[in-house]
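# Observations on the model geometry
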Amino acid sequence: MPTMMVAGNWKMNASTTATAELLEGLNAGVASLPKNTQMVVFPPLPYLAQAQQMLQNSSIVLGAQNVSEQAKGAFTGEVSASMLQDFGVRYVLVGHSERRSLYAESDALVAAKFQAVQAADMVPVLCIGETLGQREQDETLAVVNAQVQAVIDAAGVDALACAVVAYEPVWAIGTGLTASPEQAQAVHAAIRAHVASQNSAVAEGLQILYGGSVSGATAEELFAQADIDGGLVGGASLSAQSFLAIGQAAK
Ligand code: PGA
């Protein structure tokens, strides 16, 4: 199983033309990535069918940015985990800071979504991270550990054996500010230690991605850190050239 992951969160950016162009570029370049590296793309929901079709013979894996915590029924506008699974999705983001802050998703809702994803045999990518104010108050580790613990309390620590965690400091998302490799490594190590205190084997196998303005210029040093197992990339995942450059750094 690949040990590094480069995950591209397109957010609300796509069109059929842009999706075709981006995935053609990624398909053409993915073979040149280090063998230990898995590339995952997270297009907006309406483009999943197009992406599934274009990734049929590709090593690139399909992800989705959001999911309902409900299984089915009268929930107008929502999309269930089994629907995502039906379109070949393998990874689903839960708890992205934009969902937490702009759509008021609570720890409890994030945990319910996490469980819905696993119930449909897909892998949740649990996003966590502190705001600038929390970092300045020295609350970073308390905040991220509480966000992880909310899922452990709901789903059990063993559930993290089939999940990915993405540490994304809110102040680094889309701002051009990146946590230094040392800052990121310190938080990743603390998250792993927090999980290890409850199950050391799960902690050891847990993939912890870093996110927040990752670019070709910053990726190599970040990915060289002992507890950083890849990146969740927003802006720089919208161009095949820049996303592939980040993938190249994931040795
Ligand atoms: P960014 O986004 O790379 O544009 O900062 C990362 C994310 O929000 O996942």
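Here we summarise the structure given alongside this text. Predicted, not measured: the structure shown is a model, and the values here were computed from it.

Across its full length, the protein chain holds 11 helices and 8 strands. Expected size for 251 residues packed as a compact globule is a radius of gyration near 18 Å; at 17 Å, the protein chain falls within 12% of this value. Along the first, second and third principal axes, the C-alpha set of the protein chain runs to 45 × 45 × 35 Å. For the protein chain, the share of sequence-separated contacts (at least 6 apart) that also reach a separation of at least 24 residues comes to 72%. On the protein chain, roughly 10,900 Å² of surface is accessible, and the fraction owed to carbon and sulfur atoms is 53%. In the protein chain, which carries 10 positive and 22 negative side-chain charges, the distance between the mean positions of the two groups comes to 5 Å.

With that out of the way, let us pick up the pattern of salt bridges. Tallying each qualifying case throughout the model produces 7 salt bridges. Between Arg192 and Asp227 there is a salt bridge, with its nearest N and O atoms 2.6 Å apart. Remark: Asp227 occurs in the loop between α10 (216-223) and β8 (230-233) and Arg192 occurs in helix α8 (residues 181-196); sequence separation between them is 35 residues. The two residues Arg192 and Asp227 agree in class, both being buried. Two residues, Arg192 and Asp229, come together in a salt bridge whose shortest N-O distance is 2.9 Å. In this pair, Arg192 sits in helix α8 while Asp229 sits in the loop between α10 and β8, placing the two residues 37 residues apart along the sequence. Assessed through its relative accessible area of 13%, Arg192 is described here as buried. For Asp229, a relative accessible area of 12% gives the class buried.

All right, on to the site of the ligand then. Residues in contact with the ligand amount to 13 residues; listed here are only the nearest, Lys11, His96, Glu168, Gly174 and Ser213. For the ligand, an oxygen atom lies 2.8 Å from a polar atom in the backbone of Gly234. At a separation of 2.9 Å, an oxygen atom of the ligand approaches a polar backbone atom of Gly235. For the ligand, the accessible surface in isolation is 280 Å², of which the surrounding protein chains cover 95%. Split by residue class, the shell around the ligand holds 4 nonpolar, 7 polar and 2 charged.

The tendency in soluble globular proteins is for nonpolar side chains to be buried side by side. Core analysis: the largest hydrophobic core is formed by 65 residues, its most contacted members being Leu26, Met39, Val41, Leu160, Tyr210 and Phe223. Judged by nonpolar contacts, the second largest core, of 13 residues, contains Tyr91, Leu93, Val164 and Leu209.

Procedures and definitions
- Residues numbered from 1 in each chain as written.
- Predicted model: local features only at pLDDT ≥ 70, side-chain atom pairs only at ≥ 80, totals over all residues.
- Heavy atoms only, no water.
- Helix = DSSP H or I, 4+ residues; strand = E, 2+ residues; numbered from the N terminus.
- Rg over C-alpha atoms; globule rule 2.2 N^0.38 Å.
- Contact = heavy atoms within 4.5 Å.
- Areas by Shrake-Rupley, 256 points an atom, 1.4 Å probe, with all protein chains shown as cover.
- Lys, Arg positive; Asp, Glu negative; His and termini not counted.
- Charge placed at Lys NZ, Arg CZ, Asp CG, Glu CD.
- Salt bridge = Lys/Arg side-chain N within 4 Å of Asp/Glu carboxyl O.
- Buried < 20%, exposed > 50% of the residue type's maximum accessible area, 1.4 Å probe, protein only.
- Near = heavy atom within 4 Å.
- Polar contact = N/O pair within 3.5 Å; in protein donor to acceptor, adjacent residues only side chain to side chain.
- Nonpolar A, V, L, I, M, F, W, Y, C, P; charged D, E, K, R; others polar.
- Core = buried A, V, L, I, M, F, W, Y, C linked by side-chain atoms within 4.5 Å.

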